[in-house]
Amino acid sequence: KAPLRTLAKAVENVQPGDTITVRGGVYREAVLLEGVKGTEGKPVRLQAAKGESVVLDGTEPVAGPWEQWQKGIWRTRLKADSQIQQLFAGKRMLNEARWPNASFSQLWDVKRWAKSTKGSRKDLMICTELAKTNVDWTGAVAVLNVGHQYKTWTRTVLAHKPGSDRFTYDLAERLGDGRDDGRSWADDRFFLVGKLDALDAPGEWFHDVAGGWLYLYPETGADPAKLDIRRKARVYGIQARNCAFLQVSGLDFFACTVNLNGC
């Protein structure tokens, strides 16, 4: 038989004992396995061809065209319904623009987070370095490791003024009754995202959802059209529902994962 173009087509009407051999290549699709059931002696197999690389890829190319916006920074128009959550240059994940800056390998280095000072409390963050940014952070998203510190919260910055060392943030969605908030809010950690003003370092990006622009500060300064810029488009490469005796082997996953439900 002639090979099929997609994995989705290949898994239709499989029977116990069937083996689907996937030839090498990159497959940008979400494969749904609904009710695929083998038996203990005759499992259904989904496997890569021997010696061949099979990749389920959760990204899609950002087509462009790109235009230079400011020195070192480019931008392109996106569809109104787009929402960028992760961006890649080839296989390298880029950083959402943030303050203070951090490379991808430093994302969880506490020294790369801003530090709160005395007077901070559960709805107020005070930081001496914040004033030096001279940015209005109102509307930004604060990633907060505060209070009890064994949880990290994301909250909208409600009010801030350029040159100010403090901002208030939204508590409307805070969980619990506050008894585990901790006694001191000084010497805690946070960083800010969600503002174009934070886009100031190579390897960062910012998506202006309302305006429809994707901004990128390439690491090399090159035209993004030459860098294989891709956005995360799918969470799952394979979703299996109500399946049994199903074996998947030899497949690599990039920017996506597997979901099993009722299997």
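It should be emphasised that the depicted structure is a prediction, and the values quoted were computed from it without experimental measurement.

Draft legend 1. Molecular detail of the packing of aromatic side chains. A full pass over the atoms with the stated rule returns nine aromatic pairs. For the pair Phe 88 and Phe 254, a centre-to-centre distance of 5.2 Å together with 55° between the ring planes defines the contact as tilted. Placement of Phe 88 in strand E9 (residues 87-89) and of Phe 254 in strand E24 (residues 251-254) is noted, with a sequence separation of 166 residues between them. Accessibility expressed as a relative area gives 5% for Phe 88, which makes it buried.

Draft legend 2. Representation of the sheet that holds strand E3 (residues 31-34) within the structure. Spatially, three strands are ordered E3-E22-E25 in an open sheet, and the strand pairing comes out parallel. Bordering the open sheet on either side are E3 and strand E25 (257-261), each of which pairs with just one other strand. For this sheet the average axis-to-axis angle between neighbouring strands, irrespective of direction, equals 10°. As defined by bridge partners, strand E22 (residues 236-241) adjoins E25 across five bridges and the pair is classed as parallel. Counterpart to Ile 238 in the pairing with E25 is Val 258.

Draft legend 3. Local environment of the side chain of Ser 120. Here Ser 120 shows up in the loop between strand E13 (114-115) and strand E14 (124-126). The exposure class assigned to Ser 120 is buried, which follows from its relative accessible area of 8%. Separated by 3.0 Å, the side chain of Ser 120 and the backbone nitrogen of Ile 126 make a polar contact. With residues near it in sequence (within four places) discarded, Ser 120 still touches Met 125, Ile 126 and Trp 185.

Draft legend 4. View of unusual backbone geometry. The omega torsion across Gly 64 and Pro 65 is 5°, close enough to zero to call that bond cis. For Pro 65, the location among the structural elements is in the loop between strand E6 (59-61) and strand E7 (67-70). Pro 100 follows Trp 99 through a cis peptide bond whose omega is -5°. Tracing the backbone through its elements, the reader meets Pro 100 in the loop between strand E12 (98-99) and E13. Not every positive phi belongs to a glycine, and Asn 13 is a case in point at roughly 60°. As for its placement among the helices and strands, Asn 13 is situated in the loop between helix H1 (7-10) and strand E1 (19-22).

Draft legend 5. How the structure looks around the nonpolar core. Formed by 25 residues in total, the largest nonpolar core has its most connected members in Trp 99, Trp 137, Leu 144, Phe 167, Phe 190 and Leu 192. At the level of secondary structure, the elements contributing two or more residues to this core comprise strand E15 (141-145), strand E16 (153-159), strand E17 (166-169), strand E18 (189-193) and strand E20 (213-217). Those residues within four positions of Trp 137 in sequence are excluded, and the remaining contacts are Trp 99, Leu 130, Val 157, His 160, Leu 192, Lys 195 and Ala 198.

Draft legend 6. View of the pattern of salt bridges. Counted according to the given criterion, the structure contains 13 salt bridges. Between Asp 57 and Arg 230 there is a salt bridge whose closest N-O contact spans 2.7 Å. Here Asp 57 is found in strand E5 (residues 54-57), whereas its partner Arg 230 is found in strand E21 (residues 229-232), with 173 residues between them in sequence. On the basis of relative accessibility, which here comes to 4%, the residue Asp 57 falls in the buried class. A relative accessible area of 5% places Arg 230 in the buried class. The salt bridge partner of Asp 123 is Arg 121, with a shortest N-O separation of 2.7 Å. Classification of Asp 123 as partly exposed rests on a relative accessible area of 27%. When its relative accessible area of 44% is taken as the criterion, Arg 121 is described as partly exposed. Through salt bridges with shared partners, a single ionic network connects Arg 28, Asp 57, Asp 228 and Arg 230.

About the thresholds
- All residue numbers refer to position in the chain's written sequence, counted from 1.
- Totals for whole chains, interfaces and linings use all residues, but because this is a predicted model, local features are given only for residues with pLDDT of at least 70 and pairs of side-chain atoms are given and counted only at 80 or more.
- Side-chain numbers here rest on the full set of heavy atoms in the structure, without hydrogens or water.
- Pairing of aromatic side chains here covers Phe, Tyr and the six-membered ring of Trp, requires ring centres within 6.5 Å, and sorts the geometry by plane angle: under 30 degrees stacked, over 60 edge-to-face, intermediate tilted.
- Note on conventions: DSSP H or I runs of at least 4 residues are helices, E runs of at least 2 residues are strands, and numbering of each starts at the N terminus.
- Residue exposure (1.4 Å probe, protein chains only): buried if accessible area is under 20% of the type maximum, exposed if over 50%, otherwise partly exposed.
- Being paired, for any two strands, means DSSP has found at least two bridges between them.
- Only the stretch in contact is used when a helix axis is fitted, and all axes are lines through C-alpha atoms; the angle between N-to-C directions ranges over 0 to 180 degrees.
- What qualifies as a polar contact is a pair of N or O atoms within 3.5 Å, subject to a donor-acceptor requirement within protein and to the restriction that residues adjacent in sequence count only when both atoms come from side chains.
- What makes two residues a contact is simply this: any of their non-hydrogen atoms within 4.5 Å.
- We call a set of buried Ala, Val, Leu, Ile, Met, Phe, Trp, Tyr and Cys residues a nonpolar core when their side-chain atoms join them within 4.5 Å.
- By salt bridge we mean one thing: a side-chain nitrogen of Lys or Arg within 4 Å of a carboxyl oxygen of Asp or Glu.

Remember, this is a structural readout, not a statement about activity or role.
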